[in-house]
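# Understanding the architecture of this molecule
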Amino acid sequence: MGYGQKIVYKRNKILFHQGESGNGFYYLKEGKVKISVISDDGHERDFDYVTPGELIGVQGLLNDPYTYSAKAVEISEVYFFSNQMFNKLCAEFPEASNVLTSSLISKVQFLVESISLFTAPAEYRLAHFLHKLYIKKQDPNIKISRTSLGHYIGTSRKTIYQVIRRLEQDGVLEINKGYVNLLDIKKIEDFLGSFH
């Protein structure tokens, strides 16, 4: 409708870097975008994967620096909404502000959830992450590398191999040609439930 600027990012192209000043936010129409943070000690950790229909970088609406980096992991079509255009959109379509509010609430819930995961065992963090991706996509076949899984759960390559091997032996998942195939969703949900 002319409010958002359409941008197509090729694989591995950066939408924005952590610390960069924001002047708007992004809506992901197609593709997949990885969210990562760099800790104080310089280590990068994958935080989330954004799928179509989600907003990215909403803190840019306040002209605040982005608190994370966003990178396209496949060809991705996004719409960038500057602060000025979003205000114009909300003036003409007040319900647009509800979409932003809902997104902010879900981001806060996600942040609280993520903080509680920092002290959880690596096996739980991995199961939680994969289950979250399954819920987003409604597909038990998730295209993701072992390296990305290690970045997300914040552990060494050796540990991620050990955790994956245990889950494969338990019949929970299998790794095949760059995909994690979730074999038993109920077993994953029971495992996650056992920690509450």
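What comes next concerns the included structure.

Reading the values: the criteria
The residue numbering used here restarts from 1 in each chain and proceeds along that chain's sequence as written. Side-chain atom pairs in this predicted model are given and counted only at pLDDT of 80 or more, local residue features only at pLDDT of at least 70, and totals for whole chains, interfaces and linings cover all residues. Each side-chain value is worked out from all heavy atoms of the structure, with water and hydrogens disregarded. For this analysis, a nonpolar core means a set of buried residues of the types Ala, Val, Leu, Ile, Met, Phe, Trp, Tyr and Cys, connected via side-chain atoms within 4.5 Å. Buried residues are those whose accessible area, probed at 1.4 Å on protein chains only, stays under 20% of the maximum for their type, while exposed residues exceed 50% and partly exposed ones sit between those limits. Secondary structure follows DSSP: runs of H or I at least 4 residues long count as helices, runs of E at least 2 residues long count as strands, and numbering of each begins at the N terminus. By definition in these notes, contact holds between two residues if any of their heavy atoms fall within 4.5 Å. Think of it this way: a Phe, Tyr or Trp ring, Trp meaning its six-membered ring, pairs with another when their centres are within 6.5 Å, and the plane angle makes it stacked under 30 degrees, edge-to-face over 60, tilted otherwise. In this scheme, strands are said to pair when DSSP sees at least two bridges between them. Axes here refer to lines fitted to C-alpha atoms; in helices the fit is confined to the stretch in contact. Angles between the N-to-C directions go from 0 to 180 degrees. Pairs of N or O atoms are called polar contacts if they sit within 3.5 Å, as long as, within protein, a hydrogen donor faces a hydrogen acceptor (for residues adjacent in sequence, only side-chain-to-side-chain pairs).

### With respect to the nonpolar core
By size, the foremost hydrophobic cluster in this structure holds 26 residues, and its most contacted members are Leu126, Leu130, Ile144, Leu149 and Leu182. For this core, the secondary structure elements donating two or more residues are α3 (122-137), α4 (146-153), α5 (157-169), β11 (179-182) and α6 (185-193). Of the residues forming this core, the biggest block, 8 residues, is contributed by α3. Discounting residues that sit within four places of it in the chain, Leu130 has contacts with Ile142, Leu149, Leu173, Val180 and Leu182. Grouped together as the second largest cluster of nonpolar side chains are 17 residues, Phe16, Ile35, Phe47 and Phe80 included.

### Things to note about the packing of aromatic side chains
This structure, assessed with the given rule, holds 9 aromatic pairs. Arranged with centres 6.3 Å apart and planes meeting at 90°, the rings of Tyr3 and Phe93 form a pair that is edge-to-face. Of this pair, Tyr3 sits in the segment before β1 (5-9) while Phe93 is found in the loop between α1 (83-92) and α2 (96-117), placing the two residues 90 residues apart along the sequence. Owing to a relative accessible area of 10%, Tyr3 belongs among the buried residues under this scheme. The class of Phe93 is partly exposed, set by a relative accessible area of 29%.

### What to know about the sheet that holds strand β10 (residues 173-176)
Read from one edge of the open sheet, 3 strands run β9-β11-β10, paired in antiparallel fashion. Edge positions in the open sheet fall to β9 (141-143) and β10, since each of these has one partner strand only. Strand-to-strand, the axes of this sheet are offset by a mean angle of 20°, without reference to chain direction. Two strands pair when backbone bridges link them, and β10 and β11 are joined in this way by 4 bridges, in the antiparallel orientation. Within β11, the residue paired with Glu174 across the bridge is Asn181.

### Overview of the sheet that holds strand β4 (residues 33-38)
Taking strand neighbours across the sheet as the criterion, the 4 strands line up as β2-β7-β4-β5 in an open arrangement whose pairing is antiparallel. This sheet does not close on itself; its edge strands, each paired only once, are β2 (14-16) and β5 (44-50). Within the sheet, the average angular offset between the axes of one strand and its neighbour, ignoring direction, is 30°.

### A few points about the side chain of Ser82
With respect to the secondary-structure elements, Ser82 resides in strand β8 (residues 76-82). Here Met85 takes part through its backbone nitrogen, which lies 3.2 Å from a polar atom of the side chain of Ser82. Aside from chain neighbours lying at most four places away, what touches Ser82 is Asn23 and Gly24.

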